[in-house]
Amino acid sequence: MWKRLALIFLLLVGTSALLSPVIAPFSYSEQFRDSANAPPGGKFLLGTDDMGRDRLSRLLYATAVSAVLAPAAAALSVLLALLACAFPGLVVGGLTTICLSIPWIFLFIILRAELPLNTDPSISVLLTFALMGVAGWAGPARVFSGSIREMMESGWMLQARSAGIAGWRIGLVYAWPHLRSVALAQFRVLAPVYILAEASLGLLGLGVAEPMPSWGNLLRDLQHPDMVRQNPAILAPLLLLMLCLLAIEAVAVKTHEKEVFR
Amino acid sequence: MSRESLLSYTLTARYGDAVVLRGVSGTLARGEIAALVGLSGSGKSTMALALQRLLQYRGGVAEGSIVLEGTELMGLSGRGMRVVRGRRIGYVPQSPGLALNPKVRVRTLLQETWRAHEDRRMEPGFAENVLGRVQLPGDREFLDRHAGELSTGQGQRLLIALAILHGPSLLIADEPTSALDAITQAAVLRLFADLNRESGTAILFISHDLLSVAGIAHRVDILHEGTVVESGPPTKIFGEPEHPFTRALVEAMPRRP
Amino acid sequence: MKSLIAGLLVALSALAASPSELHFALHGDPRTFDPLHVEDSNSEIVRYITAGVLLRVNRVTDQLQPELAESWKILDGGKAITFRLRAGLKFSDGTPLTSADVARTIQKALDPKENSPAGGTLKGAQGAPEIVVGGPRDITIRYAAPKPSIDRIFDSLGIGPEGNAKMPATAGPYFVAEFRPGLSLQLKRNPNYWKRDGSGRQLPYIDSIRIDIQGNRDIELTRFLRGELHLIHKIDAESFDRVVREKPGSARNGGASLDSEFLWFNQAPAKQVPEWKRKWFQSSAFRHGVSQAIHRNDLAALNYKGHAHPAAGPISTANRTWFNAELKPLPANPANAAKLFAQDGFQLKDGVLRDRDGHAVEFSLVTNAGNRIREKAAALIQDDLKKVGIKVNIVTLDIGSLLERIRKTMDYEAALLGFTNVDSDPMEQMNVWLSSGAEHAWWPSQKTPATPWESRLDALVMEQSTAISMAVRKKAAVEIQRIAVAEEPIIYLVNPDYLVAVSPAVKGFQIAVAPPQVFWNIEWLKLE
């Protein structure tokens, strides 16, 4: 019941985000300078920000940016980690340790600095998330390699070998069901982390840059908590973020439980 | 005994610097049931793995010679060894809780074990037949179960079914009954005896429990501190044990009041 | 009965003598307490409050007033200045302050080994001045050639005692009593401070100052709103509005500040900028067009919440001494902008402005990351220029790579930045207007001036900074501003207001636009 509700909610958020160019009442960057900081209601359902931009439209576009790209980046990290584990030498060889100790923030600074200045903003956003995805492989890879090591030592692995089953079949049929739930768990952990990471990159001006909205830079409005009293609508992105995280959790946990207790 | 020789081996095995088997040698004839009895830590499981050249997966190294049906296994490539495992040597590990992948269905386990050595599909009814031989139901509901959902007894039977799927000439059973209650234990032992009788499969039965193997083994080898200290038919081992360790073992057995 | 009265008297006198303490925060540790080695703004504030100076620029009237020197005189047409010190001056530790201390301080500042920033200000065009001590209270400083602002430069020269103490004795209103790095700074009143009020009471009024080191401005604001701090001496527009809402009596707007926000185009011959774009950037009509398309009023109203004034040119309207009063802030006029573009051969087709050769007008605007007001200003400019057919790509960069681009590699097209002026004298901006200057933003360090007007600017800047006559200097400054606006190599946008939060308990402050804006007359402040 809850799972279905959560799923429907996520689908709703996803589709409305993807359809934002169609359903958003205004462009995310259109400035109604005479109606800056308008309260919710009337022409602007959630009011406007300090530049007179429609908060609802910005929220919809921001959702397309954050709620779609962050999970995509998380999926990329998990995928890369799985690929890396296909070459166990790499992982065991300490590459993960090196990668985990690199201060990745510098990579984002370099990316921003080295990108041609007239790069389309949407491309630089995509690259930012792609880099986040690539940079994040080492964490899950370490988890995977730990669980693979555990599997290597397991009784069932030995049993499978003693039955003469080829290595790749063991990986695919025996190990994958275990890795899959680890991968799902990693994805579940990383997706919200990336949403928040984009937000903090935004605080450094390295995430999604003005005028494009993201949950991260919409949340920057909350830095001045007394603004909330003026227009509670600025809490909308926070609310949406929390609901999405809860929904992801609900969907994932239920799926997981089902798998174990059939 | 003038049966045809199936297996002869001489093995030294160690984990790092710790030597576990010191030139243990032995033979097994076709259709023979030999029991290898020793205390825990005497190298029994090492022996089971070393014979299949699986010891490296437990961090060990085995040297020596293993001749199975005239082939020197020590000279085989990894690929060559893979063909031997499961097809010519079946292995029944201990504790089904660990040895069965809990997330894989019974059907898949059977299919994968089949596919390891056969390109053609399993004939319909084959799986049911094999399961029937180990007294497991072959119905769809059972085949759809995950291995994690089986009882220990069922799991042990399934392990046996997987080991005999390709009709190997040698079955290595490592403490196959230690995890079972007394009644199931007896049933599984009977199963091994039946298999031996019906298919002529030779069985190397590894156990710490002299009494439980006495009933089915044609010969008993006593393993102590990495070597076989005494070998002979059960009657001799029980009747006139020679080695002090064997004697101690026999005396420690529970007697009928 | 007698004892009761006596007790009451003791209590009353204790009440009268209850020590007052001013409480505020700095955003980082002062790096030094040596007045000659101040380079960071935190040390500068401490220096201002503690070090004694010969004379002071009144931050409100912009006139000089006597301090340690009771009088002074400029001699030989601006080549020399002679000071007469007050009688009986002492440092905070009780040692007498004489002209020997002044001479030693100046010599120390000029010593190349000391590498003192104060030395740079003191040096003349032809090297170090000659210092003549005429008596314990008389000293003359003599240059080989006339020295501009020969008097005003002494506003920032803190006279120090002999020796190299880490926390030296001072001759200003306070001295540093305790410094706990990263935590706080305790200043105590200088018991030997010379200044007295009209009734003969020794200054300063406030006994001690506690300065907390607080890097987080949100916490600083919260503490101010809770009443734990008496003032925040520079506050941004958003925080200011919060003070207005929560503590209306504490928010003070000092009007336009000396600071300015501006944008400029890269005119340097950098290979990263296509030839045809450079042609636009080097055209004054194009620059004027862009300038007139921007709604400065909206920038002030939306980005600065109304706490900024549209800029009229390189010198803030607040700078009464030097501002060219003929200049007016440019109102937005997109129609006129379109006309200017058309004159230069640009054409607007389907909402896209194209040059003669058909190139769509599009440029990137770099600004520093993390500065929210500036990022949003960029968004506003982007929107304004979209309406005249120009596409702007906003790029926020960390300050390091931004400076690398605008100073070294010249790999950028347009930049949006701000400038903080600490002095009202436009001499401070010399490096910007001199074509050979390193901060000649649009084309730094030119070997020879690229245009006749830049060559004219070079001459005017030299005149402004070297002439002795104030009238001549002002005339040059006015002309510099006229040319700067006529050619508009830098498009000035707004002068943010000087905003401050001061508790109503603090009395006697006069808000000034030049730093240290709110406590420039700290010895006169009272706490109620």
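Reference entry: report on the structure contained in this document.

### Examining the overall build of chain B
- From N to C terminus, chain B includes 11 helices and 10 strands.
- A principal-axis box enclosing the C-alpha atoms of chain B has dimensions of 55 × 50 × 40 Å.
- Taking the intrachain contacts of chain B between residues at least 6 apart in sequence as the baseline, contacts between residues at least 24 apart amount to 66%.
- As presented, chain B carries roughly 11,400 Å² of accessible surface, and 50% of it is formed by carbon and sulfur atoms.

### A closer look at the interface of chain A and chain B
- Facing the 21 residues of chain A at the interface are 30 residues of chain B.
- Summed over both sides, the interface between chain A and chain B buries roughly 2,100 Å², with carbon and sulfur atoms accounting for 55% of that surface.
- Per-residue buried area on chain A facing chain B is highest for A:Leu158, A:Gln159 and A:Ser162; these three make up 27% of the total on that side.
- Between chain A and chain B we count one salt bridge in total.
- For B:Glu112, the salt bridge is made with A:Arg169, and the minimal N-O distance between the two is 2.4 Å.
- For the pair chain A and chain B, the number of links is 10 residue pairs in polar contact (both at pLDDT 80 or more).
- For the side of chain A that touches chain B, the secondary structure elements donating two or more residues are α8 (155-162) and α9 (167-203) of chain A.
- Along the lines of polarity and charge, the residues of the side of chain A that touches chain B split into nine nonpolar, seven polar and five charged.

### Thoughts on the pattern of salt bridges
- Summed over the entire model, instances satisfying the criterion amount to 51 salt bridges over all chains.
- Of the charged contacts in the structure, one is a salt bridge between C:Arg137 and C:Glu70, with a shortest N-O distance of 3.3 Å. Residue C:Arg137 is located in the loop between β6 (130-135) and β7 (138-142), and its partner C:Glu70 is located in strand β4 (residues 69-75); the two are separated by 67 residues in the primary sequence.
- Salt-bridge contacts for C:Glu178 lead to C:Arg180; the nearest nitrogen and oxygen are separated by 4.0 Å.
- Note on C:Arg180: relative accessible area 38%, which makes it partly exposed.
- One salt-bridge network, held together by shared partners, links A:Arg33, C:Asp298, C:Asp383, C:Asp384 and C:Lys387.

### Here's the deal with the packing of helix α1 (residues 2-18) of chain A against helix α3 (residues 55-85) of chain A
Residues and elements named next belong to chain A.
- Two elements in contact, α1 and α3, have axes whose closest approach is 8 Å; the angle formed by their N-to-C orientations is 115°. Between α1 and α3 lies a crossing of left-handed hand. On α3, the residues that touch Val13, Ser16, Ala17 and Leu18 of α1 are Leu60, Thr63, Ala64 and Val68.
- Grouping the constituent residues of the contact of α1 with α3 by class yields six nonpolar, two polar and no charged.

### Structural notes on the interface of chain A and chain C
- Taken together, the contact between chain A and chain C spans 30 residues of the former and 38 residues of the latter.
- Between chain A and chain C, the buried area comes to about 2,900 Å², and carbon and sulfur atoms account for 45% of it.
- In terms of surface lost to chain C, no three residues of chain A exceed A:Arg33, A:Leu117 and A:Asn118, which account for 26% of the buried area on that side.
- Connecting chain A to chain C are five salt bridges.
- With its nearest N and O atoms 2.7 Å apart, the salt bridge here joins A:Asp50 to C:Lys376.
- Breaking the side of chain A that touches chain C down by element, the ones donating at least two residues are α5 (105-114) and α11 (226-230) of chain A.

### Looking at α8(A)
All names here are of chain A.
- By the criterion of burial, α8 is predominantly enclosed, with seven of the eight residues buried.
- When we look at burial in α8, the residues that qualify are Trp156, Met157, Leu158, Gln159, Ala160, Arg161 and Ser162.
- Immediately downstream of α8, the backbone of Gly164 shows phi near 80°, a positive value.

### What to know about the nonpolar core
- The biggest cluster of nonpolar side chains holds 108 residues, and the ones touching the most others in it are A:Phe129, B:Leu110, B:Leu158, B:Ile160, B:Phe192 and B:Phe205.
- Broken down by element, this core gets its largest block of residues, 13 residues, from α3(A).
- For B:Leu158, the residues in contact, after removing those within four places along its chain, are B:Leu100, B:Val106, B:Leu109, B:Leu131, B:Leu136 and B:Leu150.

### Some points on the sheet that holds β4(C)
Residue and element names in this part refer to chain C.
- The four strands are arranged β4-β5-β7-β6 in an open sheet whose pairing can be described as antiparallel. A strand with exactly one partner marks an edge of an open sheet, and here the two such strands are β4 and β6. Averaged over neighbouring strand pairs, the angle between their axes works out to 15° when direction is ignored.
- In this sheet, strand β5 (residues 80-85) lies alongside β4 in antiparallel orientation, the contact comprising six bridges. Note on β5: the bridge partner recorded for Ile74 is Ile81.
- Relative to the sheet, helix α3 (residues 99-110) contacts β5, β6 and β7, its axis offset from that of β6 by approximately 175°.

### Observations concerning α3(A)
- A rise of 1.5 Å per residue sets the reference length of α3(A), with its 31 residues, at 45 Å; its end C-alpha atoms lie 44 Å apart and thus fit the reference within 8%.
- A:Ala62 marks where α3(A) bends most, by close to 25°.

### A look at the pairing of β5(C)
All names here are of chain C.
- Hairpin remark: β4 followed by β5, antiparallel, with four residues in the connecting loop; positive phi at Asp76, about 50°.
- Across five bridges, β5 lies against β7 in antiparallel orientation. Bridging across to β7, Arg84 finds its partner in Asp138.

### Examining the arrangement of the chains
- Most contacts, compared over the two pairs of chains touching, are made between chains A and C.
- In this structure chain B stays clear of chain C, and the shortest span between their C-alpha atoms is 49 Å.

### Focus on the packing of helix α8 (residues 284-293) of chain C against helix α10 (residues 334-343) of chain C
Residue and element names in this part refer to chain C.
- The contact between α8 and α10 brings their axes to 8 Å, and the two run at 165°. Taken together, the axes of α8 and α10 are roughly antiparallel relative to one another. The crossing of α8 and α10 is left-handed. Only Pro334, Asn336, Ala337, Leu340 and Phe341 of α10 make contact with α8, whose side of the interface consists of Ala285, Phe286, His288, Gly289, Val290, Gln292 and Ala293.

### A word on the environment of A:Ala138
Residue and element names in this part refer to chain A.
- Mapped onto the fold, Ala138 is located in helix α7 (residues 138-152).
- We classify Ala138 as buried; its relative accessible area is 1%.
- The spatial distance from the C-alpha of Ala138 to the C-alpha of Leu246 is 26 Å, given a sequence separation of 108 residues.

### Observations regarding the sheet that holds strand β5 (residues 71-72) of chain B
Residues and elements named next belong to chain B.
- Pairing in this open sheet of four strands is antiparallel, and the strands run β2-β1-β4-β5 from one edge to the other. A single partner strand is all that each edge strand has here, and the edge strands are β2 (18-29) and β5.
- Here strand β4 (residues 61-68) pairs with β5 via two bridges, running antiparallel. By the bridge assignment for β5, Leu68 is matched with Thr71.
- Where helix α1 (residues 44-51) meets the sheet, it contacts β1 (5-15), β2 and β4, and its direction lies at approximately 120° from that of β1.

### Structural notes on the packing of aromatic side chains
Residues and elements named next belong to chain C.
- All chains considered together, the criterion is met by 29 aromatic pairs over all chains.
- Residues Trp280 and Phe346 carry aromatic rings whose centres are separated by 6.4 Å and whose planes lie at 65° to one another, so their mutual orientation is edge-to-face. Highlighted residues: Trp280 in helix α7 (residues 275-281) and Phe346 in the loop between α10 and β15 (347-349), separated in sequence by 66 residues. Accessibility classification places Trp280 together with Phe346 in one group, the buried group.
- Ring centres of Phe281 and Phe286 lie 6.2 Å apart, and the angle between their planes is 45°; on these two criteria the pair is classed as tilted.
- Clustering of aromatic rings is evident, with ring pairs tying together Phe265, Trp276, Trp280, Phe281, Phe286, Phe341, Phe346 and Phe363.

### Comments concerning the environment of C:Val461
All names here are of chain C.
- Along the polypeptide, Val461 turns up in helix α14 (residues 452-466).
- Measuring from C-alpha to C-alpha, the distance between Val461 and Arg210 comes to 42 Å, with 251 residues separating the pair along the chain.
- Excluding residues that lie within four positions of it along the chain, Val461 makes contacts with Met430, Trp433, Leu434 and Ile480.

### Notes on the pairing of strand β9 (residues 184-189) of chain C
All names here are of chain C.
- Where strand β8 (residues 174-180) meets β9, six bridges bridge the pair, whose relative direction is antiparallel. Its bridge partner lying in β9, Phe175 is registered against Lys188.
- With antiparallel pairing between neighbouring strands as the criterion, β8 and β9 make up a hairpin whose turn holds three residues, including Gly182 at a positive phi of roughly 80°.
- Taken together, the five bridges between β9 and strand β10 (residues 208-213) define a ladder with antiparallel strand orientation. Its bridge partner lying in β10, Gln186 is registered against Arg210.

Definitions and limits used
Residues numbered from 1 in each chain as written. Chains lettered and ligands numbered in written order. Predicted model: local features only at pLDDT ≥ 70, side-chain atom pairs only at ≥ 80, totals over all residues. Heavy atoms only, no water. Helix = DSSP H or I, 4+ residues; strand = E, 2+ residues; numbered from the N terminus. Contact = heavy atoms within 4.5 Å. Areas by Shrake-Rupley, 256 points an atom, 1.4 Å probe, with all protein chains shown as cover. Buried area = accessible area lost by both parts, 1.4 Å probe. Salt bridge = Lys/Arg side-chain N within 4 Å of Asp/Glu carboxyl O. Polar contact = N/O pair within 3.5 Å; in protein donor to acceptor, adjacent residues only side chain to side chain. Nonpolar A, V, L, I, M, F, W, Y, C, P; charged D, E, K, R; others polar. Buried < 20%, exposed > 50% of the residue type's maximum accessible area, 1.4 Å probe, protein only. Axes fitted to C-alpha atoms, helices over the stretch in contact; angles between N-to-C directions. Left-handed = near helix turned anticlockwise from the far one by under 90°. Core = buried A, V, L, I, M, F, W, Y, C linked by side-chain atoms within 4.5 Å. Pairing = 2+ DSSP bridges. Expected span 1.5 Å × (residues − 1). Bend = angle between axes of the 7 residues up to and from the residue. Parallel < 35°, antiparallel > 145°, perpendicular 65-115°, else oblique. Phe/Tyr/Trp six-rings, centres within 6.5 Å; stacked < 30°, edge-to-face > 60°.

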